[in-house]
Structure formats: C-alpha cells, structure tokens
Amino acid sequence: MVSPNTLSLSLILFLSFSSFFSPSQSHNKVSLELYYESLCPYCANFIVNYLPQIFEQEDLLSIVDLKLVPWGNAKLRDNSTIVCQHGEDECLLDTVEGCAIDTWPQPNKHFPFIYCVENLAHQGRRTEWESCYEKLGLDSSAVNDCYRSEHGKELHLKHADETNALQPPHTYVPWVVVDGEPLYDDYRDFISYICKAYKGTDAPKSCAQTSYISNVGEGEAKAKHSFCVMEKVMPTWNKIRSTVASWMNLAGAI
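This text gives an overview of the structure that appears in the document. The structure displayed is predicted, hence computed values, not measured ones.

## Overview of the packing of helix 5 (residues 88–103) against helix 6 (residues 107–122)
Then comes step 1: Viewed as axis vectors pointing N to C, helix 5 and helix 6 meet at an angle of 165 degrees, and their least axial separation amounts to 9 Å. In this view, helix 5 runs roughly antiparallel relative to helix 6, as classed from their interaxial angle. Helix-helix and strand crossings are classified by hand; for helix 5 and helix 6 the assignment is right-handed. Here Leu 93, Val 96, Glu 97, Ala 100 and Ile 101 of helix 5 come into contact with helix 6, specifically with His 110, Phe 113, Ile 114, Val 117 and Glu 118.
Then comes step 2: Looking at the contact of helix 5 with helix 6 residue by residue, the class counts come to 7 nonpolar, 1 polar and 2 charged.

Following this line, the structure appears as structure tokens:
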C-alpha cells in the first residue's frame, strides 16, 4: 500500500511539472508509451511506484515524450459492446482516464490525476476516484461530461485501435514501449532503455550514473508474471466443435 507521503509527492509534482519541460529538446525526445488497463494491479503498481521517476528527475523528463493508452486487454464484441478484463468498473475508469488525457493533453496535467486514481485502485479504494478532483484542485465538469457522453466511448475505442495496432501485438499489460520497441517483462527498467535510446548531444546527467534507477520496489521480487495476461478468445466454430466433441466423449462413456 502506498503511503500518504507518496500521494503528497504527487501533489507537489503537479504544481511543479510545467517548469521541467524544455521545448528545445523536443526533437530529440524518446517516446515512452504505456498500454494499460486501470484495474490491473501490475499496471497500477507501475504507474504509482515506477512511472513517477521520470517526473522526479528534471533532466530525464526533458527527453521523454510520454503517452498513456488506457485499454489493455479489453475486448470489443460484435454488437459494439466493450468487455473489460476486470469488469464494468474498469471500463468506467479506463474511459475516465482517457477523458482526462483528452481534457488535459499535456502529461504534466493529466498524469497527476491518473496517478491519483491508480493510487486509490492500488489500495483497493477504486470507488473513491472522484475525490482526486478535490485533492488536485481540478474542475471535474469536463472529464465528467466526457465519460458520460458518446465522446467518452469514442475515445475508449480510439485507444482500442491504438492498442490493437501494436506491432508486435501486446499479449499482456502493462505493455511498455520505448521508441517503438516493447520492453516485455523488463518494463520496470524503462529508464535504462530511455537513456540508451536517447540520441541527443546533451544526455541527462542521471543517465551517466551507474544507479539512476530508483530503489522503489527494490525489495519486490521480480516475478516472471508481473502482468495481466490477455485472455484468448476461441473462435465461434472452434467453440461449437469443442462442445460437440465433449458431448460425443460423454455419450461414449455412458
């Protein structure tokens, strides 16, 4: 569980993010893309305990172009119904976070809100997400109007298209991509990949350090399956054939 001090750090970062961006370095920025779903515990853990590192170090933030895509392992049925891996609450929060990204396009504006929502989800308090507006001093009207409207669903489907267009396709989340290359299960070491990918002449000083990766989660075992795996959907004909085969086997056993 994340301590109140961590959330306080988020509020401080929210007030100071803007000064960290350096337009002169924008052409040399390394793209960092996170494909995730709001109620996957490993996604929440990454957003709360790892991703803030790029905001905590000014020189790292200046070379990163961050993109968050909340869709993950959700499925779109033939009747245009969206089915999220962790239920309707996840569909709601994915849409809310997508609307926040649309309402406040700059990462230094929408990340504090997403951090707050995911921090609550990480603590098992996902139903309290609306409290993030007050905590961060944000006007809730734009995001609320968005997720309750058709525009919210359109944004959700846009994130579906972006996720489904991944090459290679994602097989789990969090799915972290640096300059077009997925990091697979090494996603928690994303900073080292950012530093390796940076082609500018003014490399961040933190990239020259031997231990620039934060010790957050150092005591956490690096398990092989620290992600939410995408459920495989069996084609309709295969389902029918499998069912018929089961019936025949049952009949033969009688």
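## Brief notes about unusual backbone geometry
Then comes step 1: Note the cis peptide between Gln 167 and Pro 168, where omega equals 0 degrees.
Then comes step 2: Residue placement: Pro 168 occurs in the loop between helix 9 (150–164) and strand 5 (172–173).
Then comes step 3: Cis rather than trans, the peptide bond between Val 173 and Pro 174 has omega equal to 5 degrees.
Then comes step 4: Along the chain, Pro 174 turns up in the loop between strand 5 and strand 6 (175–178).
Then comes step 5: Its identity as a non-glycine residue notwithstanding, Tyr 184 has a phi of 55 degrees, on the positive side.
Then comes step 6: For Tyr 184, the position within the fold is in the loop between strand 7 (181–182) and helix 10 (190–197).
Then comes step 7: Accessibility expressed as a relative area gives 41% for Tyr 184, which makes it partly exposed.

## Comments concerning the environment of Glu 128
Then comes step 1: Along the chain, the position of Glu 128 falls in the loop between helix 6 and helix 7 (131–136).
Then comes step 2: Taking relative accessible area as the criterion, Glu 128 reaches 35% and is therefore assigned partly exposed.
Then comes step 3: Each C-alpha atom of the pair Glu 128 and Val 117 lies 8.1 Å from the other, and the pair is 11 residues apart in sequence.

## A short note on the side chain of His 170
Then comes step 1: One can find His 170 in the loop between helix 9 and strand 5.
Then comes step 2: Here Gly 72 takes part through its backbone oxygen, which lies 3.1 Å from a polar atom of the side chain of His 170.
Then comes step 3: A distance of 3.0 Å separates polar atoms of two side chains, one belonging to His 170 and the other to Asn 73.
Then comes step 4: If we ignore the near neighbours within four places in the chain, the residues touching His 170 are Gly 72, Asn 73, Thr 163, Trp 175 and Met 230.

## Observations concerning the environment of Asp 139
Then comes step 1: Residue position: Asp 139 is located in the loop between helix 7 and helix 8 (141–147).
Then comes step 2: Looking at Asp 139, the relative accessible area reads 55%, which means it is exposed.
Then comes step 3: Within the structure, Asp 139 has its side chain in polar contact with the side chain of Ser 141 (distance 3.0 Å).

## Points about the nonpolar core
Then comes step 1: If you look at the biggest cluster of nonpolar residues, it comprises 36 residues, and the most contacted ones within it are Leu 32, Leu 51, Ile 54, Leu 68, Phe 190 and Ile 194.
Then comes step 2: Looking at this core, the elements with two or more residues in it are strand 1 (30–36), helix 2 (41–49), helix 3 (53–56), helix 4 (58–61), strand 2 (64–70), helix 6, strand 6 and helix 10.
Then comes step 3: Looking at this core element by element, the count peaks at 5 residues for helix 10.
Then comes step 4: Those residues within four positions of Leu 68 in sequence are excluded, and the remaining contacts are Leu 34, Tyr 36, Leu 51, Ile 101, His 110, Phe 111 and Ile 114.
Then comes step 5: One finds Leu 39, Cys 99, Ala 121 and Leu 138 within the second-largest nonpolar core, a separate group that totals 20 residues.

## Some details on the state of the cysteines
Put plainly, a disulfide is one covalent bond tying together the sulfur atoms of two cysteines.
Then comes step 1: For the structure on display, the rule yields 5 disulfides.
Then comes step 2: Shown here is the disulfide that connects Cys 40 with Cys 228, its sulfur atoms set 2.2 Å apart. Note on the Cys 40 and Cys 228 pair: the S-S dihedral is about 100 degrees, so by sign convention the disulfide is right-handed. Separated by 188 residues along the polypeptide, Cys 40 in the loop between strand 1 and helix 2 and Cys 228 in strand 8 (residues 228–229) bring together distant segments of the chain. Cys 228 matches Cys 40 in its accessibility class, with the two residues each being buried.
Then comes step 3: What pairs with Cys 116 in a disulfide is Cys 132, and their sulfur atoms sit 2.2 Å apart. Across the disulfide from Cys 116 to Cys 132, rotation about the S-S bond amounts to roughly -90 degrees, and the bridge is consequently left-handed.

## So, the packing of aromatic side chains
Then comes step 1: Under the defined criterion, the tally for this structure stands at 12 aromatic pairs.
Then comes step 2: Note on Phe 46 and Tyr 50: the rings are 6.2 Å apart at their centroids and 10 degrees apart in plane angle, and the pair reads as stacked. For the pair shown, Phe 46 and Tyr 50 are each scored as buried.
Then comes step 3: A centroid spacing of 6.0 Å and a plane angle of 65 degrees characterise the contact between Trp 129 and Tyr 133, whose relative ring orientation is edge-to-face.
Then comes step 4: Here Tyr 133 falls in the buried class, since its relative accessible area comes to 5%.
Then comes step 5: Taking the ring centre of Tyr 187 as reference, the NZ or CZ of Arg 188 above it sits at 5.7 Å.
Then comes step 6: Here Lys 196 stacks its cationic end above the ring of Tyr 193, 5.4 Å away from the centre of that ring.

Cut-offs applied
- Residues numbered from 1 in each chain as written.
- Predicted model: local features only at pLDDT ≥ 70, side-chain atom pairs only at ≥ 80, totals over all residues.
- Heavy atoms only, no water.
- Axes fitted to C-alpha atoms, helices over the stretch in contact; angles between N-to-C directions.
- Helix = DSSP H or I, 4+ residues; strand = E, 2+ residues; numbered from the N terminus.
- Parallel < 35°, antiparallel > 145°, perpendicular 65-115°, else oblique.
- Left-handed = near helix turned anticlockwise from the far one by under 90°.
- Contact = heavy atoms within 4.5 Å.
- Nonpolar A, V, L, I, M, F, W, Y, C, P; charged D, E, K, R; others polar.
- Buried < 20%, exposed > 50% of the residue type's maximum accessible area, 1.4 Å probe, protein only.
- Polar contact = N/O pair within 3.5 Å; in protein donor to acceptor, adjacent residues only side chain to side chain.
- Core = buried A, V, L, I, M, F, W, Y, C linked by side-chain atoms within 4.5 Å.
- Disulfide = S-S within 2.5 Å.
- Phe/Tyr/Trp six-rings, centres within 6.5 Å; stacked < 30°, edge-to-face > 60°.
- Lys NZ or Arg CZ within 6 Å of the ring centre and 35° of its normal.

Note that all results are geometric; they support no functional claim without further evidence.
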